[in-house]
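Observations on the three-dimensional arrangement
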Amino acid sequence: MVSKSDQLLIVVSILEGRHFPKRPKHLLVVEAKFDGEQLATDPVEHTDQPEFATELAWEIDRKALHQHRLQRTPIKLQCFALDPVSSAKETIGYIVLDLRTAQETKQAPKWYQLLSNKYTKFKTEIQIGIALETDTKAPVDSFKAKGAPPRDGKVPASLSGLDPKDIVVVLNEEGGYHQIGPAEYCSDFFIMSVTIAFATQLEQLIPCTMKLPERQPEFFFYYSLLGNDVTNEPFKDLINPNFEPERASVRIRSSIEILRVYLALQSKLQIHLCCGDQSLGSTEVPLTGLLKKGSTEINQRPVTVEGAFILDPPNRAKQKLAPIPVELAPTVGVSVALQREGIDAQSLIELKTQNEHELQHSKKQVLTPIKEKTLTGPKSPSVSPVPPQNPSPPTKDDATGSEAESLQYDKDTKPNPKAIGPSIPASVAQPVPASHASETASGQKIAVPATSHHFCFSIDLRSIHDLEVGFPINCILRYSYPFFGSAAPIMTNPPIEVRKNMEVFLPQSYCAFDFATLPHQLQDTFLRIPLLIELWHKDKMSKDLLLGIARIQLSNVLSSEKTRFLGSSGEQCWRQTYSESVPFIAAQGSNNRIMDLSYTVTLEDYGLVKVREILVSDSSQGLSAMQQKPPSVPPAPCPSEVQTEPRETLEYKAALELEMWKEMQEDIFENQLKQKELAHMQALAEEWKKRDRERESLVKKKVAEYTVLEGKLQKTLIDLEKREQQLVLAESEVQRERKELKLERERNLQELQDSIRRAKEDCVHQVELERLKMRQLEEDKLRLQQQLNDAENKYKILEKEFLQFKDQQSNKPEIRLQSEINLLTLEKVELERKLESATKSKLHYKQQWGRALKELARLKQREQESQMAHLKKQQEELEQMRLRYLAAEEKDTVKTERQELLDIRNELNRLRQQEQKQYQDSREIASGKLDSPRGNALEEGLDDYLTRLIEERDTLMRTGVYNHEDRIISELDRQIREVLAKNNASN
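Here's what I pulled together on the structure shown here. Since we're looking at a predicted model, the values are computed, not measured.

**What to know about the sheet that holds strand β8 (residues 110-113)**
- On the basis of which strands lie adjacent, the open sheet formed by 4 strands has the order β5-β1-β9-β8 and antiparallel pairing. Of all strands in the sheet, those with a lone pairing partner are β5 (51-61) and β8, marking the two edges. Averaged over all pairs of adjacent strands, the angle between their axes in this sheet comes to 30 degrees, without regard to strand direction.
- Two elements, strand β1 (residues 7-18) and strand β9 (residues 125-134), share 10 bridges in a ladder whose sense is antiparallel. For Val11, the partnering residue across the bridge sits in β9 and is Ala131.
- Seen against the sheet, helix α1 (residues 62-71) touches β1, β5 and β9 and runs at an angle of roughly 105 degrees to β5.

**Points about helix α2 (residues 256-265)**
- Counting buried residues in α2 gives 7 out of 10 residues, a clear majority hidden from the surface.
- Of the positions making up α2, those classed as buried are Ile256, Ile258, Leu259, Arg260, Val261, Tyr262 and Leu263.
- As for α2, its buried residues are in contact with β10 (169-172), β11 (177-180), β12 (188-200), β15 (246-254), α3 (297-300) and β19 (331-340).

**Here's the deal with empty space enclosed by the protein**
- Applying the stated criterion to the full structure yields 3 cavities of 30 Å³ or more.
- In this structure, the largest cavity occupies an estimated 90 Å³ of space.
- Elements that contribute at least two residues to the lining of the largest cavity include exactly β8 and β9.
- With 3 residues, β9 is the single largest residue contributor to the lining of the largest cavity.
- Here the residues of the lining of the largest cavity are counted per class, giving 5 nonpolar, 3 polar and 1 charged.

**Topic: the pattern of salt bridges**
- Following the criterion strictly, the structure yields 39 salt bridges and no others.
- Its salt-bridge partner being Glu90, residue Lys118 comes within 1.4 Å of it at the nearest N-O pair. A residue pair is termed long-range when its members are at least 10 positions apart, and Lys118 in the loop between β8 and β9 and Glu90 in strand β7 (residues 88-98) qualify at 28 residues.
- We classify Glu90 as partly exposed; its relative accessible area is 24%.
- For Arg974, the salt bridge identified is with Glu978, shortest N-O distance 2.4 Å.

**Digging into a nonpolar patch on the surface**
- Taken together, Tyr652, Leu656 and Met660 make up a surface patch of nonpolar side chains, about 300 Å² in accessible area.
- Residue placement: Tyr652 occurs in helix α10 (residues 650-811).
- On the basis of relative accessible area, Tyr652 is assigned to the partly exposed category, the value being 36%.

**Some points on the nonpolar core**
- If you look at the biggest cluster of nonpolar residues, it comprises 46 residues, and the most contacted ones within it are Met192, Phe221, Tyr223, Leu273, Leu290, Val336 and Leu338.
- Among the elements of the structure, β12, β13 (219-225), β15, α2, β16 (268-275), β17 (278-286), β18 (303-310) and β19 are those that each provide at least two residues to this core.
- Broken down by element, the residue count for this core peaks at 6 residues, all from α2.
- Here Leu338 is in contact with Phe190, Ile191, Met192, Leu259, Leu290, Leu291, Ile298, Pro302 and Val303, once residues within four sequence places are set aside.

**Some points on the sheet that holds strand β14 (residues 228-231)**
- Strand order across the open sheet formed by 4 strands is β14-β13-β16-β17, with antiparallel pairing between neighbours. Looking at strand neighbours, the two that pair on one side only are β14 and β17, the edges of this open sheet. Pairs of neighbouring strands in the sheet enclose a mean axial angle of 25 degrees, with direction left out of account.
- As judged from the 4 bridges shared by β13 and β14, these two strands associate in the antiparallel manner. By the bridge assignment, Leu225 is partnered in β14 with Asn228.

**Structural notes on a negative patch on the surface**
- Taken together, the side chains of Glu659, Glu663, Glu666, Asp667 and Glu670 make up a negatively charged region of the molecular surface.
- On the secondary structure map, Glu666 appears in helix α10.

**Quick notes on the side chain of Glu952**
- Note on placement: Glu952 falls in helix α13 (residues 933-958).
- Judged by its relative accessible area of 14%, Glu952 is buried.
- In this structure, Glu952 is in contact with Tyr845 and Leu972, ignoring residues within four places of it in sequence.

**Some words on the packing of aromatic side chains**
- Evaluated as defined, the whole model comprises 20 aromatic pairs.
- Relative to Phe243, the ring of Phe221 has its centre 6.0 Å away and its plane inclined at 55 degrees; by these criteria the two rings are tilted. Pair noted here: Phe221 is in strand β13 and Phe243 is in the loop between β14 and β15, with a separation of 22 residues, a long-range link. By the burial criterion, Phe221 is buried, and Phe243 matches it.
- The interplanar angle of 25 degrees and the centroid separation of 5.0 Å between the aromatic rings of Phe457 and Phe484 together place this pair among those described as stacked. One end of the pair, Phe457, is in strand β22 (residues 453-465); the other, Phe484, is in the loop between β23 (473-481) and β24 (486-491), with 27 residues separating them in the sequence.
- Judged by its relative accessible area of 0%, Phe457 falls in the buried class.
- Linked through ring pairs, Phe455, Phe457, Tyr481, Phe483, Phe484, Phe513, Phe515 and Phe526 together constitute an aromatic cluster.
- The residue whose ring lies beneath Lys89 is Phe80, and the NZ or CZ to ring-centre distance is 4.4 Å.

**Observations regarding the environment of Arg100**
- Looking at where Arg100 falls in the secondary structure, it is placed in the loop between β7 and β8.
- In this structure, the C-alpha to C-alpha distance between Arg100 and Arg69, residues 31 residues apart in sequence, is 5.9 Å.
- Setting aside chain neighbours within four positions, we find Arg100 in contact with Arg69 and Arg72.
- Polar contacts involving the side chain of Arg100 include one to the side chain of Asp98, which spans 2.9 Å.

**Considerations on the state of the cysteines**
- Summed over all chains, the structure comprises 0 disulfides.
- Of all cysteine sulfurs in the structure, the one in Cys275 sits closest to Cys274, which takes part in no disulfide; the separation is 8.8 Å.

**Details of a positive patch on the surface**
- Together, Lys773, Lys891, Lys895 and Arg898 make up a positively charged patch on the protein surface.
- Among the structural elements, Lys895 can be located in helix α12 (residues 875-927).

**Considerations on the environment of Val29**
- Positionally, Val29 belongs in strand β2 (residues 27-34).
- Residues Val29 and His46 lie 17 residues apart in sequence; the distance between their C-alpha atoms is 9.3 Å.
- Residue contacts for Val29: discarding those within four places in its chain leaves Ala40, Thr41, Pro43, Gln78, Cys79, Phe80 and Leu82.

**As for the pairing of β10**
- Relative to β11, β10 is paired through 4 bridges, and the arrangement is antiparallel. Bridging across to β11, Val170 finds its partner in Gln179.
- In this structure, the hairpin formed by β10 and β11 is closed by a connection of 4 residues, where Gly176 is found at a positive phi of approximately 70 degrees.

The rules behind each value
Residues numbered from 1 in each chain as written. Predicted model: local features only at pLDDT ≥ 70, side-chain atom pairs only at ≥ 80, totals over all residues. Heavy atoms only, no water. Pairing = 2+ DSSP bridges. Helix = DSSP H or I, 4+ residues; strand = E, 2+ residues; numbered from the N terminus. Axes fitted to C-alpha atoms, helices over the stretch in contact; angles between N-to-C directions. Contact = heavy atoms within 4.5 Å. Buried < 20%, exposed > 50% of the residue type's maximum accessible area, 1.4 Å probe, protein only. 1 Å grid on protein atoms, 1.4 Å probe; cavity = no way out; pocket = protein on both sides within 12 Å on 5 of 7 lines; lining within 4 Å. Points joined across faces, edges and corners; volume = space filled by probe spheres on them. Nonpolar A, V, L, I, M, F, W, Y, C, P; charged D, E, K, R; others polar. Salt bridge = Lys/Arg side-chain N within 4 Å of Asp/Glu carboxyl O. Patch = residues over 30% accessible without salt bridge, like charges linked within 9 Å, V, L, I, M, F, W, Y side chains within 5 Å. Areas by Shrake-Rupley, 256 points an atom, 1.4 Å probe, with all protein chains shown as cover. Core = buried A, V, L, I, M, F, W, Y, C linked by side-chain atoms within 4.5 Å. Lys, Arg positive; Asp, Glu negative; His and termini not counted. Charge placed at Lys NZ, Arg CZ, Asp CG, Glu CD. Phe/Tyr/Trp six-rings, centres within 6.5 Å; stacked < 30°, edge-to-face > 60°. Lys NZ or Arg CZ within 6 Å of the ring centre and 35° of its normal. Polar contact = N/O pair within 3.5 Å; in protein donor to acceptor, adjacent residues only side chain to side chain. Disulfide = S-S within 2.5 Å.

In structure tokens, the structure reads:
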């Protein structure tokens, strides 16, 4: 077994982001994956600086951590943009964290840039911290040799064939209960109830930086009971929360063993204090203490878990909040009870504080009554329960009080006999008998027909939804139905804000009416007169606006199914219930639908009315017997009697009595004003004390917060001083490195200039050398040219001598050779003609070849120019290449001149050989040894072909495009060598 110290947590803190684009209709989610396990943050708004404030943790032991570090297992974080409408996830980028950077010592978070960022124009970053923490959770109790408890969530031996995964909550709508576990194991019914009784010090949950709604915010407690979302009645004062205890109950079908396993799996009930959709704090109520192993307490009495639980703000560790003293900690009083359905017991929780006004009127009950909520749906909305009987008398101005409550109160309390009604003239008062005076002293009574039934009609306006108006409304509902015995309007309170795509449950929307009437009269009235529900928009800045009216046909409840139930006295009663949704139709303009109203109406028939007279509690019947009983008036005197004094007349006495009555009324009115003034002064004193306590609490809270902030500021100042010192050191280091870089740059620049200067000098020296070589070659060329001229002159002399020799030979008349000479002359003419045509074709070929070579040279020159333009940036290399090119060109020129000299030498040799050959031929002709003229013609053709090949090669070489290594020059050299070889062979 791994020891406690070897258990670690890899904690990745995802704090906030920056440089994000604003996308109001999207949310941001960061998913982290490590070792196949994936965790995700809560969705936050897609702003430029989103605040995630989330910690993700993986449990691991030291051995596995060591293996992951050796394998370099990464932690990959992916950021997604979530569209709440279509639920589409769009990848933004990812971050890879190295597990080796996680240390057990606390490290400052770092900013990591998103890789493969979709927002290419933004440098999106997320602040992330990674650390190792020791796992400090409470270890599971190890098994002992005796009395070892079973593991949490394990099925006991009696249910060995049952899988814990099968123990789930299933709603049975027909039976009206929740079933936990398979049906074959469920045989008992239980009632599970949760009561929220009181709350204290709730203002500690709201930091100074939190922004509440601009209007007066409403707070409420929220929890989930077997999959049902439950909220209590909203309240507005956090410092002195005043709300009535509420109990939410569910009916469960299961067994004790299965319930024990289920409560071990779902071991905690989480309760949140909310404002709108924001959780201000939460607490967890343990449920494992309800059913302890081996305990049979639930068979005799309900088992409960109750107490005051401390509320913790969300993300206390992430917000780095200071610990709150126990006496200032926010608490909530919660009671969770579980009992068998047959046991009649009601757990009432006594409130911590009850005001004296409630204690005076609650004579029949000591504890505050608890509102009941019965949950029969898997996700039943939070509905305002039936308001309990108010122990204080209802006021006249309370428009939402039901007629049933006023009747009930009139039965329990007697009217004040000293109450003074409205003043009436004395002349109206008539003598009243004593019996009538006794009746009016207790209030006016009306007779009820014998066939009348006692009905109770209740209206529950549950919720409004499907708003069609483009703007939010702050609405209340208002209705009145005089048939129920009260013309006072019934209104929901307080106003609630409704927006599009919202369903809002109405507060204080339940009202019940007790009345007596004939059944056929009730049916006729319900058929003729619908109930009109008015939708009003309340605005502090303007008058109330009537938006629409909904019509409820009350006759629908008469056609619904009747159910039987027993009344309080055991009599048989009938109940009919009807629920539906009706639309609100616009009161002005077109008959457009504004929204829908969901309501439930219930009609209960308690049978015939037993009491034949009912006391009417209308304010118009407030006259007491003293007011209705006029003073005794003597009979009027007969006209025949003697005229009496004016003060003795009836008119004078009536006027005197009226004046006395007015003075008494004025005294009573002044006393009432004094009492009201005293009451108002007491109320103001109480309100002053209350607000003084609120201010004192807020001051204490502010002082505590400011103390924490002062400590944070001191720490921040110390950190800033350290950071400033580090910045000064870093700045001096940067200045030093900048100077070094500047010196290094100047040194490199000087070296570069020196190398350029040396390269230029070398190039100048090379050019001078090449020029000297060129001069030398020029001198050689002139010398060779002189030798060539001498050779030509010598050739001309020899040719003259040869002509002279031919003339001498031709002067000898030899008839035998004349015919041969003529034939040779003809052949010579023919050969000259062929030579001329060949020369022309050669000249045309040379022209075409020269044009092609010039075009090729032009293309090469253009290519070189483009390359030179492309290499302008590399000036030094270009200069060197240019110098090399000039040197190479000089070398080519030298080579070409050498080749020309070689060709001239070869030509001289050839001419010398030809001269010798002609000399030999002339000798052979002279001696008669020449066999035929065709031999000379063949030798002359080879010489012409050789001359043409040499001229073509020299022409190609003079263009400067070709050199001796080119293929065409090599081919011409080969053909020249072959022709020379043939000449040598023929000689």
